Amino acid sequence: MASKVFVYVDHFNGQILPASLEAIGAAKTAALALGSSLTALVLGEQTQSLAAQAIQHGADDAWVAEDAKLKDFRPEAYASVVAKALQEAAPEVFMLPTTARTRELAAMVAVDLSTGVAPDVVAFEIKDGKLLATRPVYGGKIFAKVVISQALPQIVLIRSRVFPGPEADPAKSGPVKKIEAAVGEVKSEVLGYKPSDGGVSLTDAAVIVSGGRGVSNNPSLTPPAEITDEREKEIWRAQQGFQLLRELAAALGGAVGASRAAVDAGYVPYAFQVGQTGKVVSPDLYIACGVSGAIQHLAGMRTSKTIVAINKDAEAPIFKLARFGIVGDLYEVLPALTKELRARLGK
Amino acid sequence: MNIVVCVKQTPDTAATVTVQDGKVSWGDSPLVINPWDEFAVEQALRTKEAHGGKVTALSLGPESAKEALKHALAMGCDEAVLVSDPGITAPDSLVVSAVLAAAIAKIGEVDLVFFGRQAVDSDTGITGAQVARRLGWPSLSLVAAVTALDAAAKSISVARMLDEGRQEVKAPLPAVVSVVKEICEPRYPSFMGIRKASKAPLPVWSLADIGISAPPQSALTWPEVFAPPKIETRCEVVEGDSPAAKAAALAARLIEEKVI
Ligand SMILES: Cc1cc2nc3c(=O)[nH]c(=O)nc-3n(C[C@H](O)[C@H](O)[C@H](O)COP(=O)(O)OP(=O)(O)OC[C@H]3O[C@@H](n4cnc5c(N)ncnc54)[C@H](O)[C@@H]3O)c2cc1C
């Protein structure tokens, strides 16, 4: 029997993403509710080990497309292959993790198949054979239930770190079917790639230590004499300050984030920005240092499991969302906290 | 360069958005140009300033969306067009992309289309890629920098911001580019620009005008909207005589509660 549920396996540098495992887990739940098996869809230059991992994590079988032209993810190429596979299999649900790649891929596949896409889904239920997906809109101020009723498959991208990633069963195996890699004409060309510094991706991080405009507030740091401009001095101070955040993040195996104010002031690059116009994150622990907690910042981190605020101002709005707080100067608290955690966690 | 920039009108991000009678409401908060689209307009203007040509701002929406287009005109766009039709109700991205692609085709001989990365109301971030797919043009999303643009050879290179880092991609024109905030700093509309925008003609195209005979149907509906579950938090402010004592108390609590 053909699967009613397909799941897309996103990967990078030959590694399956944690978000893909979470999507497999979510898709398996949907498949069970629909009384169906689950098929993993894997595209790339080399797909064998990825397909095997998808099956170990819950897929019943896998369809793979392999081609040198699929080495770099290019949305046009991937979309053509995926759309063709879905046309052939005619599943009811197509689930993907929400990543930069899959957002574009799902968008294009939906055009090819004239169907709808629900990105950033945080919950779903199966009702009368239909999938009812919940997703945050308006920067998380509202939740909407979404139904794709007019066409199939229902394309659902699930948000990272919301659904648990299933445990692997190394003994499990299943059939792997090779499908045609009908890539078609691909106009774009990937010239190069530069990984972001820090290593841990914000969207995957279990712990995030975030800094706001408050990080610039250390008058006792003396910038080198060659920096004379006041704004440059402020940036220099803040960049030294972010080093304290990096050390705390490293002690916890986490990533560093920032508010828009910190990014706009030039303390850290935009890739660090958390919030409505930055990244949306849901770590287990979010430590906000010198962040006031503006509504647009909260939009990006309010789903964090535990929020800790470190702020000089006891009235800062961030304390309304935080589970734990320290009222104090981050320049005094952070080094002490890093030292304390290193000692207690044995690092 | 014949450039189109697509803009949407959205509630201000500072608006208090609530649900009233099963409908989303932002009270009397202003409707503004989608903040992401200001970066797209700026990048479109800079491209024109460097390579010549013209910039047309394009929007799909009700009559009120003219205000977002006027903002784009006041920033310096040469022309603006609104697509508005009573046949379009509650459009999803499939409908929006079909309409925008048809309008772009009508504008004709377009080299580049700019989008903001997403709209701050529906938050989907897929419309740009869908328009590209419909037109058969390359889609370059999450663009943080245009690293090269050769108008004569009709090619563009960009740096894209992926989750894992930066990717450099090259594509032939015409292409669709959706931008992130890092790409530029949007200019403020000038006084002269605002005056010009208030007088500029603002044609409204119907579906028939862009060659669509039957209104496209949404594949997706929002049968229910609701306020997010209230997060019941009571902040436990950790006390201590010194920063070190506070830090120690916090570490102890985080470990006790199995947060770490
Ligand atoms: C359209 C739009 C989109 C936006 N998108 C985003 C977004 O994606 N992400 C985002 O973050 N913001 C966003 N913003 C901006 C947002 O409104 C706020 O301006 C921003 O979040 C404030 O950043 P902040 O908390 O770092 O700075 P501030 O509000 O300036 O707060 C600094 C805080 O640091 C504290 N502080 C100062 N010194 C110290 C010290 N030594 N130790 C401890 N505490 C100290 C202060 O008490 C204060 O609470 C957006 C705004 C708009 C209009």
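Here the structure is shown first, and the text comes after it.
Residues numbered from 1 in each chain as written. Chains lettered and ligands numbered in written order. Predicted model: local features only at pLDDT ≥ 70, side-chain atom pairs only at ≥ 80, totals over all residues. Heavy atoms only, no water.

Visitor: Hey, could you run me through the sheet that holds strand 4 (residues 38-44) of chain A in this one?
Guide: Backbone-to-backbone hydrogen bonds pair the strands of a sheet. The strands run either parallel or antiparallel. All names here are of chain A. A sheet is described by the order of its strands in space; here seven strands give the open sequence 7-11-6-1-4-5-12, paired in parallel fashion. Of all the strands in the sheet, just strand 7 (117-121) and strand 12 (176-178) have a single pairing partner and so form its edges. The sheet shows a mean angle of 25 degrees between the axes of neighbouring strands, direction not considered. Where helix 3 (residues 75-89) meets the sheet, it contacts strand 1 (5-8), strand 4, strand 5 (61-66), strand 6 (93-97) and strand 12, and its direction lies at approximately 155 degrees from that of strand 4. (Pairing = 2+ DSSP bridges. Helix = DSSP H or I, 4+ residues; strand = E, 2+ residues; numbered from the N terminus. Axes fitted to C-alpha atoms, helices over the stretch in contact; angles between N-to-C directions. Contact = heavy atoms within 4.5 Å.)

Visitor: What's the story with helix 6 (residues 243-256) of chain B in this structure? I'm lost.
Guide: For an α-helix the count is 3.6 residues per turn, leaving residues at separations of three or four pointing the same way. Here helix 6 of chain B contains 14 residues, and its C-alpha end-to-end distance of 20 Å stays within 8% of the 20 Å for a straight helix at 1.5 Å per residue. Taken together, the buried positions of helix 6 of chain B are Lys246(B), Ala247(B), Leu250(B), Ala251(B), Arg253(B) and Leu254(B). On an axial view of helix 6 of chain B, the arc spanned by its buried residues comes to 165 degrees, and they lie on one face. Close packing links the buried residues of helix 6 of chain B with strand 16 (285-289), strand 17 (306-311), strand 18 (324-327) and helix 9 (330-345) of chain A together with strand 15 (236-237) of chain B. (Expected span 1.5 Å × (residues − 1). Buried < 20%, exposed > 50% of the residue type's maximum accessible area, 1.4 Å probe, protein only. Arc of directions from axis to C-beta.)

Visitor: Where do I start with the site of the ligand in this structure?
Guide: Of all residues adjacent to the ligand, which total 27 residues, the nearest are Ser259(A), Thr277(A), Ser292(A), Gln296(A) and His297(A). Chain contributions to the surroundings of the ligand come from chains A and B. Val274(A) places a polar main-chain atom, nitrogen or oxygen, 2.9 Å from a nitrogen atom of the ligand. Here Leu330(A) contributes a backbone N or O atom positioned 2.9 Å from a nitrogen atom of the ligand. In the complex, 81% of the free accessible area of the ligand, which totals 990 Å², lies under the protein chains. Within the residue set of the shell around the ligand, elements represented by two or more residues are helix 6 (260-264) and helix 7 (295-301) of chain A. (Near = heavy atom within 4 Å. Polar contact = N/O pair within 3.5 Å; in protein donor to acceptor, adjacent residues only side chain to side chain. Areas by Shrake-Rupley, 256 points an atom, 1.4 Å probe, with all protein chains shown as cover.)

Visitor: Would you mind going over the nonpolar core with me for this structure?
Guide: With 48 residues, the main nonpolar core has Phe242(A), Ile287(A) and Ile310(A) as its most contacted residues. Leaving out residues up to four positions away in the same chain, Phe242(A) has contacts with Gly211(A), Val215(A), Val256(A), Gly257(A), Ala258(A), Ala262(A), Tyr267(A) and Val268(A). In this structure, Ile3(B), Leu149(B), Val158(B) and Val169(B) belong to the second largest nonpolar core, which totals 39 residues. (Core = buried A, V, L, I, M, F, W, Y, C linked by side-chain atoms within 4.5 Å.)

Visitor: Whenever I open this one, the pairing of strand 4 of chain A confuses me. Can you help?
Guide: Look at any regular strand and the pattern is simple: side chains alternate between the two faces of the sheet. Residue and element names in this part refer to chain A. Within strand 4, seven of the seven residues are buried, which leaves the element mostly enclosed by the surrounding structure. Judged by which residues are buried, strand 4 turns out to be covered on both faces: Leu38, Ala40, Val42 and Gly44 on one side and Thr39, Leu41 and Leu43 on the other are all buried. Bridging between strand 1 and strand 4 involves four bridges; their strand directions are parallel. Bridging from a neighbouring strand, phenylalanine 6 pairs with threonine 39 of strand 4. By the bridge criterion, six bridges tie strand 4 to strand 5 in an arrangement that is parallel. Residue pairing in the sheet places alanine 40 in a bridge with alanine 62 of strand 5. Once you follow strand 4 into helix 2 (residues 48-56) and on to strand 5, the crossover reads as right-handed. (Right-handed = clockwise from strand over helix to strand, strands pointing away.)

Visitor: Teacher, can you tell me more about the packing of helix 9 of chain A against helix 6 of chain B here?
Guide: The description of two packed helices rests on the angle between their axes and on the distance between the axes. Between helix 9 of chain A and helix 6 of chain B, the shortest axis-to-axis distance is 8 Å and the interhelical angle comes to 45 degrees. Judged on the interaxial angle alone, helix 6 of chain B and helix 9 of chain A are oblique. In this structure, the crossing between helix 9 of chain A and helix 6 of chain B has a hand that is right-handed. For the pair formed by helix 9 of chain A and helix 6 of chain B, the contact residues are Glu332(A), Val333(A), Ala336(A), Leu337(A), Glu340(A), Leu341(A), Arg344(A) and Leu345(A) on the first element and Pro243(B), Ala244(B), Ala247(B), Ala248(B), Leu250(B), Ala251(B), Ala252(B) and Ile255(B) on the second. By residue class, the composition of the contact of helix 9 of chain A with helix 6 of chain B is 13 nonpolar, no polar and three charged. (Parallel < 35°, antiparallel > 145°, perpendicular 65-115°, else oblique. Left-handed = near helix turned anticlockwise from the far one by under 90°. Nonpolar A, V, L, I, M, F, W, Y, C, P; charged D, E, K, R; others polar.)

Visitor: What's the story with the packing of helix 4 (residues 100-113) of chain A against helix 4 (residues 127-135) of chain B in this structure? I'm lost.
Guide: Axis separation between helix 4 of chain A and helix 4 of chain B bottoms out at 8 Å; the angle between their running directions is 45 degrees. Our classification of the angle between helix 4 of chain A and helix 4 of chain B gives oblique. In this structure, helix 4 of chain A meets helix 4 of chain B at a crossing whose hand is right-handed. Taken together, the residues of helix 4 of chain B that come into contact with helix 4 of chain A (itself represented by Glu104(A), Ala107(A), Met108(A), Ala110(A), Val111(A) and Asp112(A)) are Ala129(B), Gln130(B), Arg133(B) and Arg134(B). Taken together, the residues that form the contact of helix 4 of chain A with helix 4 of chain B break down as five nonpolar, one polar and four charged.

Purely geometric numbers; function is a separate question.
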